[in-house]
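An overview of the molecular structure
Here is what each chain is made of, one letter per residue.
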Amino acid sequence: MAVIDEVYALAAPYWQTRSNEIHVPEAYDLAKRLLAEIPEADPAIVLPAILLHDVGYARVPEEDQLKGLAGAPSGWEPDITRRHEVEGARLAGEILAEVGYDAERTRRIQAIVDGHDSRPEALDLDDAVVKDADKLWRFTENGVRIAHAWVGRTPEEFVDFLETRIEGWFFTDAAKALARTTLTASRAAIARDRA
Ligand SMILES: [Fe+2]
Ligand SMILES: [Fe+2]
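Described in the following lines is the structure provided in the data block. (Residues numbered from 1 in each chain as written. Chains lettered and ligands numbered in written order. Predicted model: local features only at pLDDT ≥ 70, side-chain atom pairs only at ≥ 80, totals over all residues. Heavy atoms only, no water.)

**A few points about the environment of E94**
- Inspection of the secondary structure assignment puts E94 in helix α4 (residues 78-98).
- For the pair E94 and D117, spaced 23 residues apart in sequence, the C-alpha separation works out to 21 Å. (Helix = DSSP H or I, 4+ residues; strand = E, 2+ residues; numbered from the N terminus.)

So, in structure tokens, the structure goes:
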């Protein structure tokens, strides 16, 4: 088994909360699409980091999980955001050690996981691609269907909101372009629901 598939198999049990069993595999696919456009980024950093970025939610009580989101109707508690990052970085270290991952790359992956939501700037291009793939998922059909409720908006309001965030959220031009085409498809899918 390729090492990335071993990481996938060890990370997957931690996705069974907060719709991460949908979010993470789709964000992983989006990361691969970005990597195809950004050859300077390192797949050996980006791909494990996206698979592991949210494993820490498995260590946050379910009733607190939606507080880890700016704009949540329940109120945003930044320490919940931090808890899933800190727990995630620790679990990422354990999983990567279990598969015998390179120590220097493991440290860089842990640093990405540790600030994937709370750190506004990207540490480097690999971090930027992970941050972009994570946010891009909200623009997908499943992302809109799931995440609109997290912030107390209708799906239509949510896609309009996402459109205003493209320039501000994304670091890479590849992600901005993918966000636009993905949002067009999601908007059409939602309109079909209403028709
Ligand atoms: Fe997260
Ligand atoms: Fe995420």
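**Notes on the coordination of the iron ion (ligand 1)**
- Donor atoms from the polypeptide that bind the iron ion (ligand 1) are D54 (OD), H84 (NE2), H116 (NE2) and D117 (OD), placed at 2.1 to 2.4 Å.
- Read in sequence order, the donor residues coordinating the iron ion (ligand 1) give the pattern D-x29-H-x31-H-D.
- Here the iron ion (ligand 1) and the iron ion (ligand 2) are spaced 3.9 Å apart, with D54 acting as a shared donor. In this pair, D54 sits in the loop between α3 (43-52) and α4 while H84 sits in helix α4, placing the two residues 30 residues apart along the sequence. This pair shows no difference in class: D54 is buried, exactly as H84 is. (Donors = N, O, S within 2.8 Å, 3.2 Å for Na, K, Ca; no water. Buried < 20%, exposed > 50% of the residue type's maximum accessible area, 1.4 Å probe, protein only.)

**Side note on the coordination of the iron ion (ligand 2)**
- At 2.2 to 2.3 Å from the iron ion (ligand 2) lie its protein donor atoms, namely H23 (NE2), H53 (NE2), D54 (OD) and D134 (OD).
- Classification of the site at the iron ion (ligand 2) as irregular follows from its four donor atoms and the range of 82 to 171° in their angles at the metal.
- Each donor residue of the iron ion (ligand 2) belongs to the same chain, with the gaps between them written as H-x29-H-D-x79-D.
- With a relative accessible area of 1%, H53 lands in the buried category.
- With a relative accessible area of 8%, D134 lands in the buried category. (Tetrahedral: all angles 85-135°; square planar, octahedral: opposite > 155°, others 65-115°.)

**What about unusual backbone geometry?**
- The backbone of R18 shows a phi angle near 60°, a positive value even though the residue is not glycine.
- A relative accessible area of 13% places R18 in the buried class.
- Within the chain, S19 stands out as a residue other than glycine whose phi angle is a positive 60°.
- Along the chain, S19 turns up in the loop between α1 (3-11) and α2 (20-37).
- Of the residues examined, S19 reaches a relative accessible area of 22% and is grouped as partly exposed.

**Considering the packing of helix α7 (residues 141-150) against helix α8 (residues 155-169)**
- Running from N to C, α7 and α8 point in directions that differ by 105°, and their axes come no closer than 9 Å. The angle between the axes of α7 and α8 places the two elements in the roughly perpendicular class. Contact with α7, carried on its side by G143, V144, A147 and H148, involves P155, F158, V159 and L162 of α8 and no other residues of that element.
- Of the residues contributing to the contact of α7 with α8, the split by class is six nonpolar, two polar and no charged. (Axes fitted to C-alpha atoms, helices over the stretch in contact; angles between N-to-C directions. Parallel < 35°, antiparallel > 145°, perpendicular 65-115°, else oblique. Contact = heavy atoms within 4.5 Å. Nonpolar A, V, L, I, M, F, W, Y, C, P; charged D, E, K, R; others polar.)

**Structural notes on helix α9 (residues 173-194)**
- Given a rise of 1.5 Å per residue, 22 residues ought to cover 32 Å, and the 32 Å separating the end C-alpha atoms of α9 matches this to within 8%.
- Within α9, the full set of buried residues consists of A174, A175, K176, L178, A179, T182, L183, S186, A189 and I190. In an axial view of α9, the angular spread of the buried residues amounts to 160°, which keeps them on one side of the axis. Facing away from the buried side of α9 by more than 90 degrees, the exposed set consists of D173, T181, T184 and R192. (Expected span 1.5 Å × (residues − 1). Arc of directions from axis to C-beta.)

**Things to note about the packing of aromatic side chains**
- Throughout the structure, instances matching the rule amount to seven aromatic pairs.
- In this structure an aromatic cluster arises from ring pairing among F139, F158, F161, W169 and F170.
- In this arrangement the basic side chain of R138 is found over the ring face of W169, its NZ or CZ atom lying 4.9 Å from the centre. (Phe/Tyr/Trp six-rings, centres within 6.5 Å; stacked < 30°, edge-to-face > 60°. Lys NZ or Arg CZ within 6 Å of the ring centre and 35° of its normal.)

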